[in-house]
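Structure at a glance
Given next are the chains, with one letter for each unit.
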Amino acid sequence: MIPRRARISCAGIAFALCLQHLVSAIEVPLDLPQPPTITKQSIKDYIVDPRDNIFIECEAKGNPVPTFSWTRNGKFFNVAKDPKVSMRRRSGTLVIDFHSGGRPEDYEGEYQCFARNDFGTALSSKIHLQVSKSPLWPKEKVDVIEVDEGAPLSLQCNPPPGLPEPVIFWMSSSMEPIPQDKRVSQGHKGDLYFSNVLAQDALTDYSCNARFHFTHTIQQKNPYTLKVKTKKSHNETSLGNSPAMYRARGITETTPSFMYPYGTSSSQMVLRGMDLLLECIASGVPAPDIMWYKKGGELPPGKTKMENFNKALRISNVSEEDSGEYSCLASNKMGSIRHTISVRVKAAPYWLDQPENLILAPGEDGRLVCRANGNPKPTIQWLVNGEPIESSPPNPSREVAGDTIVFRDTQIGSSAVYQCNASNEHGYLLANAFVSVLDVPPRILAPRNQLIRVIENNRTRLDCPFFGSPIPTLRWFKNGQGNTLDGGNYKAHENGSLEMFMARKEDQGIYTCVATNILGKAEAQVRLEVKDPTRIVRGPEDQVVKRGKILQLPCRVKHDPTLRVLVTWLKDNAPLYLGTRMKKEEEGLTIFGVTERDQGDYTCVASTELDKDAAKAYLTVLERPDQPRDLELSDLAERSVRLTWIPGDDKNSPITDYVVQFEEDRMQPGVWHDHSRYPGSVNSALLSLSPYVNYQFRVIAVNDVGSSVPSLPSERYQTNGARPEINPTGVQGAGTQKNNMEITWTPLNATQAYGPNLRYIVRWRRRDPRGSWHNETVRSARHVVWNTPIYVPYEIKVQAENDFGRAPEPDTYIGYSGEDLPSSPRYLRIRQPNLEIINLEWDHPEHPNGIITGYTLRYQPFNGTRTGRTVVENLSPNQTKFTVQRSDPISRYRFVLRARTQVGEGEPLTEESPALLDEAYTKNQVDIATQGWFIGLMCAIALLVLILLIVCFIKRSRGGKYPVRDNKDEHLNPEDKNVEDGSFDYSDEDNKPLPNSQTSLDGTIKQQESDDSLVDYGEGGEGQFNEDGSFIGQYTVKKDKEETEGNESSEATSPVNAIYSLA
């Protein structure tokens, strides 16, 4: 989108405003002697409010300062004699004060102001003062008006004569406005016209009201009451004002006939510059349509407006070209009729050449010109100092020639004020122009060393107001150059201004104006600076935004750096109020949460003291549509109905869908349900209905922004009942306890019940063809069967029934009775393929007692008396394998496995992993038995055993003893009570193996040698024999030391310890 732009130059505006001064007469400085000049006066036709004081304005300038006097109705008005009347100081304005009483009407009349000084007298226009009036309506008795239905009727208003004329409008006596259309309307004179009367027109009365401007009062006429005589009852039809209505009511259709104006032709006069109003009001059945034409051409373009349902034609600012013949054509289906109005345009006087002040030097010639036009042509009358020129003292230096006065060889002392009066039967014009004879050297009236700044390529002017008598000649120069500036890009005006058509950068500089006459010369300088224009380089663009969104309107400005720029925003050409949702930033405007009232024209205005630039864009806000209205039901049938609606405003986003909803007042009163959906291009739909529903409908409109507010509901429509056609869905059977089964289903809704007393026949039996059916009739959507076996299947049926009958045979569903805790898994196998992992495998419980929802595996490492952290794994119901990553290659693991149903966890199955060292030794002995080092080791061990036997034999023969400590280790009971809850708390005694036994990897028990290894005594300094050849003492110390240290070493860590240990 391209933003709409409007660039405006303040210099251009100033030039346009002052263009009239470029050719206006030269003003005489007020410090010089001059005749009076009227500067302010009241309007000719002056209507005042009787409740306020009266001010009749008259102000003038001159040297000496003028004095003022007044005439009233052509006679001298003595202000000093009336205490209520005063004159403002140094002004001629009259003030009439009514605070102390008095009647404003006593001061009505024609006033004229006279301003005098030593050089002449100036006159104001004649001011016709009138006091506003709002008279009461005359008392009158209004009879009941009887009229036949279909006949025309006019009700006369005849308001009291007010000043100014009152505004007329019709209302009922209860102050309700009278609806108007092409059948019933008010004429411009205030009467109320009925093209044809209908019975419904008698439902109200009709009162004419007059509203008066100044007093702000409303006068009400006694109301008219109509009695309409009809051929048929008013309630027999409801077809509105359609042609079918007239036929249905027995009203005869008629051709048009004019009620105003009468006949086939009329004439009308209008004054130039006023508005012309032509009116044609016609009767007929049906009410006629009105069309307007102008003979010999088209209606005046650009200033023609149709009003009052085409019954009135208004032409604004009438000119002579608008005169001619206008015709109105009234037509209906029965025929047409034409009325011709001849329009004559007259004119009050208007100026062609208005006389202007004349300044002459002694001995100079001059002239005053007064030319006016009008219809009829106005007469011109000259006055001097307020007196007819014919009766003034003779002056040989002047000559009157119709609309011109010629002055020759004027002398000082000939100054006076001349008045020109142009008048005809429609009005008059009065102008003052003085002749002043002066002998003054040139003078420059503007301040010296002016600075003028202008935007590049714009028009500008340099002012140099001057005065002198004789009138000086004035020339312009630039930068001291000798050439006079006039022509090309420059134009010098008589009042001293230098107009520059297009200012360029090279036009900057110092300009000098020089005024010269025979008495001397005067000069002044003006400096001109040319600035870069202000431009919006990126302005806002037309946008379409959804309601609630954030909108950004850019406005980036480039301007002259020496000028201060101000950026403002307008909305619909009025200053934009930012509030809290809008933020003006350096390069744009941000609107947060756009709403409907944000839609409109946005204008960014960048302005400096010299110029401005504007860029405009239109914001369209997409809203949710307005609600549909006027819902109607038609085509009523047993299972269908047609719904029609009138669409609401789409709020700038086309309606894509209509959602029809319904509400019923039996099962869920007040709850609305979606019924159907239709394209946004339709406004009528045939709706399918269900039996035994008391329907009420509403419609929601949908567009891309969202959904409208629902429409008002339609009237209700009740359908008859029938037996149900469907059965409940979603039938389920499940236990809530281990000895029951709860049967549930989705109940039928209001549109499925089809009749009163909806109920459900519930049937069930065990899933066995030999089983017998049980049944129960319920009204809710639930039934509980008790005393059922644990988790067995059942066949279930649910059938709907109402007072009209049963639904078809229902489908069969499978349900299950309540579940219980499952038994333990059938087995748990443990395999250790290497030192890093343990593989578990198990089988499902023999008695699941329900649906297995998963398995809970708890495991814990242990090493002697030390235990590790318990890990809990929740496994899927289909999983029968699991792998455990070992934390170290030595510890054993205890596993507890339980199955789960929805009731909870079942019985546990506990197993422990075998000792890993037995398996390692078994695997390795095949490999090392053939190794040389192993054979040597075995020989050394045999030698040590032999030595030990010898020592024992010697000791025994000597009677010596050594202590042997019994180890009383107990085997870990896998059924320990702590296993069940997943925690393992092992003490030292609990973790000791049975005496003289060791569990192998395959679960067998091996006979074990002595737990005390000889290796402990075959190495190091501690293993020396005593001097008597005995090492028993050292052994005892060693064993005691081990007892003191406790079981810090658990299993044997070498093949020697695994095979040989002391008993």
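Residues numbered from 1 in each chain as written. Predicted model: local features only at pLDDT ≥ 70, side-chain atom pairs only at ≥ 80, totals over all residues. Heavy atoms only, no water.

Examining the overall build of the chain
- Looking only at helices and strands, the chain features eight helices and 82 strands.
- For the chain, with 1063 residues in total, the buried portion stands at 43%.
- Nonlocal contacts in the chain, meaning residues at least 24 apart in sequence, comprise 65% of its contacts between residues at least 6 apart.
- When the accessible surface of the chain is summed, it comes to about 56,800 Å², and 49% of that surface belongs to carbon and sulfur atoms. (Helix = DSSP H or I, 4+ residues; strand = E, 2+ residues; numbered from the N terminus. Buried < 20%, exposed > 50% of the residue type's maximum accessible area, 1.4 Å probe, protein only. Contact = heavy atoms within 4.5 Å. Areas by Shrake-Rupley, 256 points an atom, 1.4 Å probe, with all protein chains shown as cover.)

Looking at the sheet that holds strand S23 (residues 276–279)
- The three strands are arranged S23-S27-S26 in an open sheet whose pairing can be described as antiparallel. Edge positions in the open sheet fall to S23 and strand S26 (304–307), since each of these has one partner strand only. Within this sheet the neighbouring strands show an average axis-to-axis angle of 20°, counted without direction.
- Both S26 and strand S27 (residues 312–315) contribute to a ladder of four bridges, which runs antiparallel. What sits directly across from threonine 304, in S27, is isoleucine 315. (Pairing = 2+ DSSP bridges. Axes fitted to C-alpha atoms, helices over the stretch in contact; angles between N-to-C directions.)

Observations concerning the pattern of salt bridges
- Under the definition given, this model contains 50 salt bridges.
- A salt bridge links arginine 408 to glutamate 399, with the shortest nitrogen-to-oxygen separation between them at 3.0 Å.
- Since its relative accessible area comes to 45%, arginine 408 is described here as partly exposed.
- Beyond isolated ion pairs, a larger network of salt bridges with shared partners links Arg759, Glu801, Asp803 and Arg806. (Salt bridge = Lys/Arg side-chain N within 4 Å of Asp/Glu carboxyl O.)

Quick notes on a nonpolar patch on the surface
- On the surface, a cluster of nonpolar side chains totalling about 650 Å² of accessible area is made up of Leu943, Leu944, Leu946, Ile947, Ile950, Phe953 and Ile954.
- Residue position: phenylalanine 953 is located in helix H5 (residues 932–958).
- Judged by its relative accessible area of 62%, phenylalanine 953 falls in the exposed class. (Patch = residues over 30% accessible without salt bridge, like charges linked within 9 Å, V, L, I, M, F, W, Y side chains within 5 Å.)

Quick word on the environment of lysine 305
- Summarising the element assignment, lysine 305 is placed in strand S26.
- In sequence terms lysine 305 and serine 316 are 11 residues apart; their C-alpha atoms lie 8.4 Å from each other.
- Sequence-distant contacts of lysine 305, defined by excluding residues within four places in its chain, comprise Ala312, Leu313 and Arg314.

Regarding the state of the cysteines
- This model, assessed by the stated rule, comprises six disulfides.
- Shown here is the disulfide that connects cysteine 370 with cysteine 420, its sulfur atoms set 1.6 Å apart. Between cysteine 370 and cysteine 420, the S-S torsion sits near -65°, and that sign places the bridge as left-handed. Taken together, the residues span a long stretch of sequence, with cysteine 370 in the loop between strand S31 (366–369) and strand S32 (371–375) and cysteine 420 in strand S37 (residues 416–424) at a distance of 50 residues.
- Once the bonded cysteines of the chain are numbered in order along the sequence, the disulfide links fall as 1-2, 3-4, 5-6, 7-8, 9-10, 11-12. (Disulfide = S-S within 2.5 Å.)

Looking at the environment of arginine 766
- Positionally, arginine 766 belongs in strand S67 (residues 759–766).
- Note: C-alpha distance between arginine 766 and glutamate 795 (29 residues apart in sequence) is 6.1 Å.
- Among all residues touching arginine 766, those that are not within four sequence positions of it are Pro789, Val792, Pro793 and Tyr794.

Focus on the packing of aromatic side chains
- Per the counting criterion, the structure on display carries 17 aromatic pairs.
- Look at phenylalanine 407 and tyrosine 418: their rings are 5.4 Å apart centre to centre, the planes differ by 75°, and that puts the pair in the edge-to-face class. In this pair, phenylalanine 407 is assigned in strand S36 (residues 404–407) and tyrosine 418 in strand S37, connecting sequence segments 11 residues apart. We note that phenylalanine 407, like tyrosine 418, is buried.
- Members of the aromatic cluster, joined through ring pairs, are Tyr859, Phe882, Tyr893 and Phe895.
- A cation over a ring is seen here: arginine 639 above tyrosine 754, with NZ or CZ 5.4 Å from the ring centre. (Phe/Tyr/Trp six-rings, centres within 6.5 Å; stacked < 30°, edge-to-face > 60°. Lys NZ or Arg CZ within 6 Å of the ring centre and 35° of its normal.)

Regarding the nonpolar core
- Within the largest apolar cluster, 30 residues are counted, with the highest numbers of intra-cluster contacts made by Ile56, Trp70, Leu94 and Tyr111.
- Elements with a minimum of two residues in this core: strand S3 (45–48), strand S4 (54–56), strand S6 (67–72), strand S9 (94–96), strand S10 (109–117) and strand S12 (127–131).
- What isoleucine 56 contacts, discounting residues up to four positions off in sequence, is Ser42, Tyr46, Trp70, Gly92, Thr93, Leu94, Tyr111, Ile127 and Leu129. (Core = buried A, V, L, I, M, F, W, Y, C linked by side-chain atoms within 4.5 Å.)

Regarding the sheet that holds strand S64 (residues 717–718)
- If you trace the four strands from one edge of the open sheet to the other, you get S61-S60-S63-S64, paired in antiparallel fashion. Of all strands in the sheet, those with a lone pairing partner are strand S61 (673–679) and S64, marking the two edges.
- Direction of pairing for strand S60 (residues 657–664) relative to strand S63 (residues 694–702): antiparallel, over a ladder of eight bridges. Within the sheet, the bridge partner assigned to glutamate 663 lies in S63 and is glutamine 696.

Observations regarding unusual backbone geometry
- Residue proline 261 follows tyrosine 260 across a cis peptide bond; omega there is -10°.
- Tracing the backbone shows proline 261 in the loop between strand S21 (254–260) and strand S22 (265–271).
- Residue serine 469 is joined to proline 470 through a cis peptide bond whose omega torsion reads 5°.
- With respect to the helices and strands, the residue proline 470 is situated in the loop between strand S42 (466–469) and strand S43 (473–478).
- Positive phi is not limited to glycine here, since aspartate 572 has a value of about 50°.
- Residue position: aspartate 572 is located in the loop between strand S52 (566–571) and strand S53 (574–575).
- According to the relative accessible area criterion, aspartate 572 is partly exposed, its value standing at 42%.
- For asparagine 787, which is not glycine, the phi dihedral falls at a positive 60°.

Overview of the environment of asparagine 703
- Inspection of the secondary structure assignment puts asparagine 703 in the loop between S63 and S64.
- On the accessibility criterion, asparagine 703 (4% relative accessible area) is buried.
- Separated by 81 residues in sequence, asparagine 703 and leucine 622 place their C-alpha atoms 9.2 Å apart.
- Beyond its immediate sequence surroundings of up to four residues, asparagine 703 is in contact with Glu623, Arg624, Pro625, Asp650, Ser653, Pro654, Ile655 and Thr656.
- A distance of 2.8 Å separates a polar atom in the side chain of asparagine 703 from the backbone oxygen of glutamate 623.
- Within the local environment of asparagine 703, its side chain forms a polar contact with the backbone oxygen of serine 653, the two atoms lying 3.3 Å apart. (Polar contact = N/O pair within 3.5 Å; in protein donor to acceptor, adjacent residues only side chain to side chain.)

Points about the confidence of the model for the chain
- For the chain, the average pLDDT comes to 85, and 85% of its residues sit at 70 or higher.
- Mean pLDDT across the elements of the chain bottoms out in helix H8 (residues 1055–1059) (34) and peaks in strand S17 (residues 192–194) (97).
- Contacts of residues 1–24 to residues separated by more than four positions or lying in other chains number 55 contacts, the stretch itself having pLDDT below 50.
- Here residues 960–1063 scores under 50 on pLDDT; set against residues more than four positions off or in separate chains, the count is 147 contacts. (pLDDT = per-residue confidence, 0-100.)

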